[in-house]
Number of protein chains: 2
Amino acid sequence: MAKQESLRADPCPMARTLYILGDRWSLLIIRDAFDGKRRFGDFQRSLGMAKNILAERLKLLVEEEILQMVPASDGSTYQEYALTRKGEELFPIIVAFRQWGESHMYRKGERHSVLVERATGKPVKRLELRAHDGSPLNHGDAFVKKLKA
Amino acid sequence: MAKQESLRADPCPMARTLYILGDRWSLLIIRDAFDGKRRFGDFQRSLGMAKNILAERLKLLVEEEILQMVPASDGSTYQEYALTRKGEELFPIIVAFRQWGESHMYRKGERHSVLVERATGKPVKRLELRAHDGSPLNHGDAFVKKLKA
DNA sequence: CAGTATCCCTCAAGATACTG
DNA sequence: CAGTATCTTGAGGGATACTG
């Protein structure tokens, strides 16, 4: 058990999403999933977190249909955790975090990993939001429209 | 006090970012900031969180130069919290969360708020990642390239 | 109004042992 | 190997009183 239930029913989409992802581990698990990890032990060794906590998080992520359990790709009897379509759609969140971190969380000269295009080997371009007319959409150019329940 | 120091020096940009944003409140504060809120009391009433916790979070966000304190826009003696450039660049993260939440955290028919373009009034388009050749970049098309320290 | 100072408590997280 | 079960700890968070 865990996780602040009040967020779950919040009217704001961000708050609801934070019910699942608003902690120190979930996004790192998902990062690892995008990185190709699928086995309980892979996550556990990669993240160095306690097994019961990992199990709890994985359970929530499966319940929320971000991960699904599938038969192991090798012949073994175990299950693996694979991203669902819903989980794959978290990719922009992961990339947004990565890119912001790359830009702002390193001292000059300090090296870090980079996300590159598989096809070209070039660093991935910045996530950009474009308006309907094709121009860049900045934060001042959008606002939240409240809808009545 | 608070916040897991180990993440702060992690080699992964995502992990470092989670040192600041990986909790249930920080991103909601920033969402409110994008929504135009600037005063301590605004945040406090909007989020309904304890004042000491809010003060703690605001302090970290100022230390990390995501918010800065500026003189109040009205004549009052108080300070306000404004997004820095670094803070404004969190916009894609906020939008990515919002859009994913809108797509996946509501039952069919359940209404929610929408982000619209100020100029056109149309809903903001999906954040998309494009490759250097202009084609859509999906999660399988990119990978993390490790750099040696 | 915008915080700070205390006190308290829950729960997220860790450690470890155990099981199919 | 992939978890579950237990126990413990500490930090994240809440409530409230106080201050410039």
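Just above sits the structure.
Residues numbered from 1 in each chain as written. Chains lettered and ligands numbered in written order. Predicted model: local features only at pLDDT ≥ 70, side-chain atom pairs only at ≥ 80, totals over all residues. Heavy atoms only, no water.

Draft legend 1. Inspection of the relation of the copies chain A and chain B at higher detail. Structural alignment of chain A on chain B gives an RMSD of 0.1 Å, achieved by rotating through 180° and translating 0.0 Å along the axis. Expressed as an axis order, the relation between the two copies is that of a two-fold axis. Relative to the rotation axis, the C-alpha of A:Asp23 is the closest in chain A, positioned 2.4 Å from it. Counting the interface residues of chain A, we find that 99% of their copies in chain B are interface residues as well, pointing to one common contact surface. (Least-squares fit on C-alpha atoms with pLDDT ≥ 70 in both. Contact = heavy atoms within 4.5 Å.)

Draft legend 2. Broad picture of the nonpolar core. With 87 residues, the main nonpolar core has A:Phe97 and B:Phe97 as its most contacted residues. Leave out the neighbours within four places in its chain, and A:Phe97 touches A:Leu27, B:Pro13, B:Met14, B:Thr17, B:Leu18, B:Leu21, B:Leu27, B:Ile93 and B:Phe97. (Core = buried A, V, L, I, M, F, W, Y, C linked by side-chain atoms within 4.5 Å. Buried < 20%, exposed > 50% of the residue type's maximum accessible area, 1.4 Å probe, protein only.)

Draft legend 3. Local environment of unusual backbone geometry. Residue and element names in this part refer to chain A. In this structure, Glu 65 takes a positive phi of about 60° despite not being glycine. Inspection of the secondary structure assignment puts Glu 65 in the loop between helix H5 (51-63) and strand S1 (67-71). Taking relative accessible area as the criterion, Glu 65 reaches 52% and is therefore assigned exposed. (Helix = DSSP H or I, 4+ residues; strand = E, 2+ residues; numbered from the N terminus.)

Draft legend 4. Spatial organisation of the interface of chain A and chain B. Listed per partner, the contact involves 77 residues of chain A and 76 residues of chain B. Between chain A and chain B lies a buried interface of about 7,600 Å² when both sides are counted; carbon and sulfur atoms form 66% of it. Across the chain A-chain B interface, the total number found is 2 salt bridges. As a salt-bridge pair, A:Glu110 and B:Arg16 come within 2.7 Å of each other at their nearest N and O atoms. For the side of chain A that touches chain B, the secondary structure elements donating two or more residues are helix H2 (13-21), helix H3 (26-34), helix H6 (85-88), helix H7 (91-104), strand S3 (114-117) and strand S4 (142-145) of chain A. Ranked by residues supplied to the side of chain A that touches chain B, first place goes to H7(A) with 12 residues. Here the side of chain A that touches chain B is composed, by residue class, of 40 nonpolar, 12 polar and 25 charged. As paired strands, S3(A) and strand S4 (residues 142-145) of chain B are joined by 4 bridges and run antiparallel to one another. The residue of S4(B) that forms the bridge with A:Glu117 is B:Ala142. (Buried area = accessible area lost by both parts, 1.4 Å probe. Salt bridge = Lys/Arg side-chain N within 4 Å of Asp/Glu carboxyl O. Nonpolar A, V, L, I, M, F, W, Y, C, P; charged D, E, K, R; others polar. Pairing = 2+ DSSP bridges.)

Draft legend 5. Here's a closer look at the pattern of salt bridges. All names here are of chain A. Counting across every chain of the model gives 29 salt bridges over all chains. Measuring nitrogen to oxygen at the nearest pair gives 3.2 Å for the salt bridge that ties Arg 31 to Asp 32. Overall, Asp 32 belongs to the buried group, its relative accessible area being 2%. A salt bridge links Arg 98 to Glu 102; its shortest N-O distance comes to 3.0 Å. Here the residue Arg 98 and the residue Glu 102 both occupy positions in helix H7, the gap between them amounting to 4 residues, near one helical turn. Exposure class is identical for Arg 98 and Glu 102. Each is buried.

Draft legend 6. Representation of the packing of H2(A) against helix H7 (residues 91-104) of chain B. The geometry of H2(A) relative to H7(B) is characterised by a closest axis approach of 8 Å and an angle of 90° between their N-to-C directions. In terms of their interaxial angle, H2(A) and H7(B) are classed as roughly perpendicular. Where H2(A) approaches H7(B), its residues A:Pro13, A:Met14, A:Thr17, A:Leu18, A:Ile20 and A:Leu21 are matched on the opposing element by B:Ile94, B:Phe97, B:Arg98, B:Trp100, B:Gly101 and B:Glu102. Its residues placed into classes, the contact of H2(A) with H7(B) shows 8 nonpolar, 2 polar and 2 charged. (Axes fitted to C-alpha atoms, helices over the stretch in contact; angles between N-to-C directions. Parallel < 35°, antiparallel > 145°, perpendicular 65-115°, else oblique.)

Draft legend 7. Focus on the side chain of B:Ser113. With respect to the secondary-structure elements, B:Ser113 resides in the loop between H7 and strand S3 (114-117). Overall, the relative accessible area of 11% leaves B:Ser113 in the buried class. Contact partners of B:Ser113, with chain neighbours within four places excluded, come to A:Pro13, A:Val144, A:Lys145, A:Lys146, A:Leu147, B:Arg98 and B:Glu102.

Draft legend 8. Spatial organisation of the packing of H3(A) against helix H4 (residues 40-47) of chain A. All names here are of chain A. H4 packs onto H3 with a crossing angle of 120° between their chain directions and a minimal axis gap of 10 Å. It follows from the interaxial angle that H3 and H4 lie oblique. In this structure, H3 crosses over H4, and the sense of that crossing is right-handed. Contacts from Leu 28, Ile 29, Arg 31, Asp 32 and Ala 33 in H3 reach Phe 43, Ser 46 and Leu 47 in H4. (Left-handed = near helix turned anticlockwise from the far one by under 90°.)

Draft legend 9. Representation of H5(A). All names here are of chain A. Between its first and last C-alpha, H5 extends 18 Å over 13 residues, near the 18 Å set by a 1.5 Å rise per residue. Within the span of H5, buried status applies to Leu 54, Arg 57, Leu 58, Leu 60 and Leu 61. Taken end-on, H5 shows its buried residues confined to a sector of 160°, consistent with a single buried face. Of the residues in H5, the exposed ones pointing more than 90 degrees away from the buried face are Lys 51, Asn 52 and Lys 59. Contacts from the buried residues of H5 go to H2, H3, H4, S1 and strand S2 (79-83). Positive backbone phi, approximately 60°, marks Glu 65, located one or two places after H5. (Expected span 1.5 Å × (residues − 1). Arc of directions from axis to C-beta.)

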